[in-house]
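Commentary on secondary and tertiary structure
Each chain, written out:
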Amino acid sequence: MKLKIKILLANPLSFMGLLLISLVFGSAIFADFITPFPLHKGAVVDFSNFNQAPNLTNIMGTDLVGRDLFTRIIYAFRISIMLGVVVLIISVPIGVFMGLLAGYSGGKLDFVLMRITDVFLSIPPLVLAMAVMGLLEPTILNGMLAVTAMWWPWYTRLIYNLTRSEKEEGYVVAAEVVGASRWHIMFREILPNCTHAIITKMTLDFGFVILIVSSLSFLGLGVQAPTPDLGSMVAEGARYLPDSWWLTVFPGLAILIIVFGFNLVGDALRDMMDTDS
Amino acid sequence: MSDSLLDIQNLSLSFQGLTETVDVLDNINLSISRGERVALVGESGSGKSVIARIILGLLQSQKGAIVKGSVRFRGIELEAATGNQIESLRGREISMIFQDPTSSMNPVYKIGTIFHEILNRGTHNISKKLALIKASKLLEEVSITEFKRVLESYPFQLSGGMNQRVMIALALANKPALLIADEPGTALDVTVQAQTLKLMHNLVKKNNTAVLFISHNLGVVHQFADRVYVIYKGRIVESGSTSSIFENTKHPYTKALMNAVPKITSKSFFDASDDSSLFKQPAFHHKDREIGQ
Amino acid sequence: MSSILRLIVQRISLALIVLIGVSMLIFAIARLIPGDPARIALGPNATVEQVEILRETLHLNDPIYLQYGYFVRDISQGDLGVSLYTNRPVTTDIAQFLPATLELVIVAGIMMICIGLPLGMISARYKGQFIDNLLRVVSLLGVSAPSFVWAVILMLLFAYFLPIFPVAGRIEDTYVIKAVTGFLLIDTLIDGNIDAFFNAFWHIFLPAFALSLSGIGQAARLTRANMIETYNKPYIEMMRAYGVSPFRIASRYAFKPSLIPSLTIIGLDFAAMLGNAFLVEAVFAWPGLSRYGVAVILRKDLNAIVGTVLIISLTFVLVNIIVDLLIAFLNPRIRYSQRPK
């Protein structure tokens, strides 16, 4: 484990990724202390100062009701991270469990579980989330629900394929011969061999979840005003292109930075996995 | 010697890692004359396969590889040659047979296509039709009678023995002067291996092709080679004609190799000594006259 | 040949099962929303009787499996219901808006393959050198931002600050093209109007490029990884040993084996673009399924939502089947595994 962290730090690309992620997490956690106008995260108006281009007081400018954009972006980080964490914490265990069960059991259970998974995978990710969101009230909670509902199948697929190939390996057969229960084999034999793949995917997914959530908000189906969200900020700002360009460009770049950071680290993790095998 | 085909002198190879340098070959001297069959014998990790790749210039591009010494082919210094010069030798004057025949051929192309590509090296821009006719003849020479089916097949559809014969046909397609055989038949069953080697023996004799035969199998070496070099941990420890090496073994390592091979008739196990200091003895080169052709 | 036929039949039957599942899923979700669809459609001013009549017409009082039965019957007759938003049959709406989205996605897909694959090959060939590292960072950037961010950036740069491309729409209003296929690029050619063709192409370029960036990045990364792995294979070493030119090895003998593992993911990406098209359409005011889709979702227009999702899923499944068949065609191992030796 320690060695893996060392390798991550040594590679310049993944180091940059880790740096970016720490910046994002750090600013999100300490948002209250580092933002110049912490109250602007909510419903505040300051019409004397609205629609300002980036200047010394507001380094990223202000939005149409006068809120400091920089502050709102930092608070939006918070929401994004929270959403990412919640979605993954719920969807990953469900997905992994189903994948293990389907992969190890085989037969009818395998067929049924995987067909259900296929159904969910047959609808392009964004479309399913949109449909669910559109049919429910657009709140943050429902947003998380929608994204979680469409996320677990990817893990099921991954773990299913892994389980199927691991099933034939020596250590599994040995455990079966000794008489271990299927639960033991699934969770204490096969699962530990999947950990690296799961962690790599989760890292890459974190960015991807943020992409999807921001896309939903962009379409007006995710986080609602006045809560700041990067996607909805881009959407609002898009209407005022090209004059108030900062309204779209900065939130957009913010999305890019977060996801880029996670992708850099996730990539490095995946390279490590390949050399392992 | 005007008959000399391959002349390796003072060859050494090391790899420069991040923290340390690993020496793989040390002061290798090896020569092959026209039509000669020379064996290079050693165990895994001895460095024998690496020598083959250095001759063809395949190793030099690897990261951290430091090659020193001289490799002359027909008098031309390969280490100083340009990329184009070396490339023109490959597949034409020098060709190679690999250890696992099935995985050495591109799985998504038919055997016929592979033949076309190889024959193109000999006759530039040869037509597919002509290439397939030539290929059929080559397959006949390696005793493959259903050549039409084979040319239409993919490597995974054929047995290991069949693929090995295809490889031999490919290697001899452009009538090379030197054939490098890297552990041929090791991946095959023993009986199939025997058949394949007999075939190879007859063919190279017929075409007067020189062979660098790399192996760890002493029995096969005895049957096949005129001269033998024994390599241990990157150094040549003994060299000479086949009869000298086998009947008049001098170096402790060579002796250990010989004795370690289980004899079908004996019932006892060989006590292989772990004492490698014995093996560090200086090399012994038998001074017998070259058995040339 | 029969092995391919068997493969097709297998895939289609699986796809049918999946599509039935999708229809059930969407149907269930649609019917589970809180609130009364009939009430929402008629608005707060309608009387209770009017709402009741609509409920009866829509079979909303029947048990759910019966409702599903009506649904399936209607679909088999090509009836997806009427949209409460446009007051037209949903099928008409989809027929109008789907081609625009499809055209966008197909052009983006072509870009993804024609730009992404060569970039990956170059990256693999010069592995470890400057160009490789540069391309890797660029690919990663492409993947790291949602399409709408790229759409906005590209629009700002190349439509506003440097007015090279038009800002919105599929073609200038001055052109009137007879709609044969719904694909402007094809219809303009059928019409013989070369001017209009270029105009349409100019309009589609920027949005398609924005949509494809993520796919280009992904395709490049995948191709690079697969080609590097292929380069290490013994059969490539064999070809090098025989002096086959590096260019020929790269473009022919290393390329084909690397393509096969990439195809599945590329197919998935292509299909994912179907979902992301929504975002780009919103930015470029592209009259495709997105504006329709988002509008009906916001209005909880049941029939339209179900119809739209179903059609998109159908397209997704079809694309996957095509990709599967393509893989089988390229990979002789799959083709021949059915046939006895």
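Source: prediction; values computed, not measured. (Residues numbered from 1 in each chain as written. Chains lettered and ligands numbered in written order. Predicted model: local features only at pLDDT ≥ 70, side-chain atom pairs only at ≥ 80, totals over all residues.)

All right, on to the overall build of chain C then. Check the secondary structure of chain C and you find 15 helices and 0 strands. If one aligns the C-alpha atoms of chain C with their principal axes, the spans along those axes are about 85 × 60 × 40 Å. When each of the 341 residues of chain C is scored for burial, the buried share is 42%. For chain C, the share of sequence-separated contacts (at least 6 apart) that also reach a separation of at least 24 residues comes to 73%. (Helix = DSSP H or I, 4+ residues; strand = E, 2+ residues; numbered from the N terminus. Buried ≥ 20, exposed ≤ 12 C-beta atoms within 10 Å, placed from the backbone. Contact = placed C-beta atoms within 7 Å.)

Turning to the overall build of chain A, a few remarks are in order. For chain A, the helix and strand inventory stands at 11 helices and 0 strands. In sequence order, chain A lays out its α and β elements as α-α-α-α-α-α-α-α-α-α-α. If you line up chain A on its principal axes, its C-alpha atoms span 75 × 45 × 30 Å. Per-residue burial for chain A yields a buried fraction of 48% across its 277 residues.

Residue and element names in this part refer to chain C. Summing up the model confidence of chain C, the mean pLDDT is 80 and the portion of residues at 70 or higher is 94%. Taken element by element, chain C is modelled with least confidence in helix H2 (residues 37–42), mean pLDDT 68, and with most confidence in helix H10 (residues 234–241), mean pLDDT 90. Interface confidence for the predicted complex, expressed as ipTM, amounts to 0.83; the pTM equals 0.75. (pLDDT = per-residue confidence, 0-100.)

It is worth spelling out the interface of chain A and chain C at this point. A common measure of how large an interface is: the accessible area buried when the components associate. The partner chain C presents 41 residues to the 37 residues of chain A that form the contact. Counting only elements with at least two residues in the side of chain A that touches chain C, the list comes to helix H5 (107–121), helix H6 (125–135), helix H9 (182–218), helix H10 (230–238) and helix H11 (246–276) of chain A.

What follows covers the domain arrangement of chain C. Domain boundaries assigned for chain C yield domain 1 (3–76) and domain 2 (92–298). For domain 1 of chain C and domain 2 of chain C, the distance between their C-alpha centroids amounts to 34 Å. (Domains from an automatic or database assignment.)

Turning our eyes to something else, we now look at the environment of A:Ile159. All names here are of chain A. Turning to its location among the elements, Ile159 is positioned in helix H7 (residues 140–166). On the neighbour-count criterion, Ile159 (29 C-beta atoms within 10 Å) is buried. With 31 residues separating them along the chain, Ile159 and Ile190 place their C-alpha atoms 9.7 Å apart. Once residues within four sequence positions are removed from consideration, Ile159 is found in contact with Gly95, Val96, Gly99, Leu100, Gly103 and Cys194.

The next subject is the arrangement of the chains. The pair of protein chains exhibiting the most contacts, out of 2 pairs of chains in contact, is chains A and C. Across all C-alpha pairs, the smallest distance from chain A to chain B is 13 Å, and the two are not in contact.

Right, let's get into the packing of helix H13 (residues 289–298) of chain C against helix H14 (residues 302–330) of chain C. Residue and element names in this part refer to chain C. At a minimum axis separation of 9 Å, H13 and H14 run at an interaxial angle of 140 degrees. The pairing of H13 with H14 is recorded here as oblique in orientation. The way H13 lies across H14 gives a crossing that is left-handed. Touching Leu289, Gly293, Val296 and Ile297 of H13 are Ala304, Ile305 and Thr308, all from H14. Considering only residue class, the contact of H13 with H14 consists of 5 nonpolar, 2 polar and no charged. (Axes fitted to C-alpha atoms, helices over the stretch in contact; angles between N-to-C directions. Parallel < 35°, antiparallel > 145°, perpendicular 65-115°, else oblique. Left-handed = near helix turned anticlockwise from the far one by under 90°. Nonpolar A, V, L, I, M, F, W, Y, C, P; charged D, E, K, R; others polar.)

Turning our eyes to something else, we now look at helix H5 (residues 90–125) of chain C. Between its terminal C-alpha atoms H5(C) stretches 50 Å, which fits the 52 Å expected from 36 residues at 1.5 Å a residue. By the largest-angle criterion, C:Phe97 marks the main kink of H5(C), which is about 35 degrees, and a proline, C:Pro99, follows within four residues. (Expected span 1.5 Å × (residues − 1). Bend = angle between axes of the 7 residues up to and from the residue.)

With that settled, the discussion passes to the interface of chain C and chain B. Taken together, the contact pairs 17 residues of chain C with 23 residues of chain B. In terms of residue count, the dominant contributor to the side of chain C that touches chain B is H10(C) (6 residues). Residue classes in the side of chain C that touches chain B are distributed as 10 nonpolar, 2 polar and 5 charged.

Turning to the sheet that holds strand S5 (residues 76–77) of chain B, a few remarks are in order. Residue and element names in this part refer to chain B. Spatial ordering of the open sheet is given by S2-S1-S4-S5, a layout of 4 strands whose pairing is antiparallel. Only two strands of the sheet have a single partner each, and these edge strands are strand S2 (21–33) and S5. Judged from the 2 bridges that link them, strand S4 (residues 65–73) and S5 form a sheet pairing that is antiparallel. Its bridge partner lying in S5, Arg72 is registered against Glu77. Its contacts with the sheet put helix H1 (residues 48–55) on strand S1 (4–16), S2 and S4, and the angle it makes with S2 is roughly 70 degrees. (Pairing = 2+ DSSP bridges.)

With that settled, consider the sheet that holds strand S8 (residues 210–215) of chain B. Residue and element names in this part refer to chain B. Spatial strand order, S6-S7-S8-S3-S9-S10-S11: 7 strands in an open sheet with mixed pairing. The sheet terminates laterally at strand S6 (94–97) and strand S11 (284–285), the two strands that pair on one side only. When strand S7 (residues 178–182) meets S8, the two strands line up parallel, connected through 5 bridges. From the neighbouring strand, Ile180 faces S8, where its bridge partner is Leu212.

Residues and elements named next belong to chain B. A positive phi angle, near 50 degrees, is found at Arg74, a position not held by glycine. Considering the arrangement of structural elements, one finds Arg74 in the loop between S4 and S5. Since 15 C-beta atoms lie within 10 Å of it, Arg74 is described here as partly exposed.

To continue, consider the pairing of S6(B). All names here are of chain B. The alternating pattern of S6 places Ile94 and Met96 on one face and Ser95 and Ile97 on the opposite face, and all of these are buried. Judged from the 4 bridges that link them, S6 and S7 form a sheet pairing that is parallel. By the bridge assignment, Met96 is partnered in S7 with Ile180.

Most often, soluble globular proteins keep nonpolar side chains buried together rather than apart. Core analysis: the largest hydrophobic core is formed by 242 residues, its most contacted members being A:Ala129, B:Phe213 and C:Ala151. Two domains each donate at least three residues to this core, and these are domain 1 (3–76) and domain 2 (92–298) of chain C. Sequence-distant contacts of C:Ala151, defined by excluding residues within four places in its chain, comprise C:Pro207, C:Ala210, C:Leu279, C:Val280, C:Val283 and C:Phe284. (Core = buried A, V, L, I, M, F, W, Y, C linked by C-beta atoms within 7 Å.)

Let us look at the pairing of S7(B). Residue and element names in this part refer to chain B. In terms of burial, S7 is a largely internal element, 5 of the 5 residues being buried. Alternating positions in S7 separate into two faces, Leu178, Ile180 and Asp182 on one and Leu179 and Ala181 on the other, with burial throughout. Taking the sense of rotation as the criterion, the β-α-β connection linking S7, helix H7 (residues 190–207) and S8 turns out right-handed. (Right-handed = clockwise from strand over helix to strand, strands pointing away.)

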